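# Per-entry structural report
Spelled out from the first residue to the last, the chains are:
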Amino acid sequence: MTSALAAGCGDTGKPPSWDTLLSGRIADARPDCKVSVPMPGKIAVACPGLAPAIFDVAPTATYCQRGPRDCEFAVTQMVLMLPPPKP
């Protein structure tokens, strides 16, 4: 989670966006995949040898606003929707 928070920090003085926070959480969970924010509200995940997946941020952000336990569950569900890493 540290990289997710660090990825959201900057000199802008604004809090990090859900896009930034959630993409960092997915990157931590699946370091073999490339995670990006192609447009506000979307997270793209490209794993080696597989078609990229695009997620809407809003449903997960809604869970995250309910509390840390719900947020952890929602992020885990996003990660589970990705194909397993190749050995």
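Coordinates for the structure precede this section.
Let me begin by describing the structure that accompanies this report. (Residues numbered from 1 in each chain as written. Predicted model: local features only at pLDDT ≥ 70, side-chain atom pairs only at ≥ 80, totals over all residues. Heavy atoms only, no water.)

### Overview of helix α3 (residues 57-66)
Helical periodicity: at 3.6 residues per turn, an α-helix aligns residues three or four positions apart in one direction. What counts here: Burial here depends on accessible area, computed with a 1.4 Å probe over protein chains only, as a share of the maximum for the residue type. Under 20% is buried, over 50% is exposed, and the range in between is partly exposed. Secondary structure elements follow DSSP: runs of H or I no shorter than four residues count as helices, runs of E no shorter than two count as strands, and numbering proceeds from the N terminus. Think of it as the arc spanned by the lines of direction from the helix axis to the C-beta atoms. Contact definition: two residues touch when any of their heavy atoms are within 4.5 Å.
Inspection of α3 places V57, T60, A61 and C64 among the buried residues, and these make up the whole buried set. Relative to the axis of α3, the buried residues are bounded by an arc of 100° and lie together on one face. Within α3, the exposed residues directed more than 90 degrees away from the buried face are A58 and R66. For α3, the elements touching its buried residues are α2 (18-29), β2 (42-46), β3 (53-56) and α4 (68-80). One or two positions beyond α3, positive phi appears at G67, with a value near 145°.

### Observations concerning the state of the cysteines
Which entries qualify depends on this criterion: Note on terminology: pairs of cysteine sulfur atoms within 2.5 Å are recorded as disulfides.
According to the stated counting rule, one finds two disulfides in the structure shown. Between C64 and C71 runs a disulfide, and the two sulfur atoms are separated by 2.0 Å. The sign of the S-S torsion, about 65°, decides the handedness of the disulfide formed by C64 and C71: right-handed. Look at the protein chain and number its bonded cysteines as they come in the sequence; the links are 1-2, 3-4.

### Some words on the environment of C71
Along the polypeptide, C71 turns up in helix α4. Not counting residues up to four positions away in its chain, the partners in contact with C71 are R25, Y63 and C64.

### Describing the packing of α2 against α3
Threshold: In this description, a line fitted to the C-alpha atoms serves as the axis of each element, helices being fitted only across the stretch in contact, and the angle between N-to-C directions of two axes falls anywhere from 0 to 180 degrees. Note on angle classes: values under 35 degrees are labelled roughly parallel, values over 145 roughly antiparallel, values of 65 to 115 roughly perpendicular, and the remainder oblique. Residues are sorted three ways: Asp, Glu, Lys and Arg are charged, Ala, Val, Leu, Ile, Met, Phe, Trp, Tyr, Cys and Pro are nonpolar, and all the rest, Gly among them, are polar.
Interaxial distance between α2 and α3 falls to 10 Å at its minimum, and their mutual angle equals 90°. Considered as vectors, α2 and α3 are oriented roughly perpendicular to each other. Taken together, the residues of α3 that come into contact with α2 (itself represented by W18, D19 and L22) are V57, T60, A61, C64 and Q65. Residues belonging to the contact of α2 with α3 are distributed by class as follows: five nonpolar, two polar and one charged.

### Considerations on the sheet that holds β3
Stated formally: Two strands pair under a simple rule: DSSP has to find at least two bridges between them.
Here three strands make up an open sheet; going across it, the order is β1-β2-β3 and the pairing antiparallel. Only two strands of the sheet have a single partner each, and these edge strands are β1 (34-36) and β3. Across the sheet, the axes of successive neighbouring strands diverge by a mean angle of 20°, strand direction being ignored. Bridge count for β1 against β2 is three bridges, and the pairing is antiparallel. Across the sheet, residue K34 finds its bridge partner in β2, namely A46.

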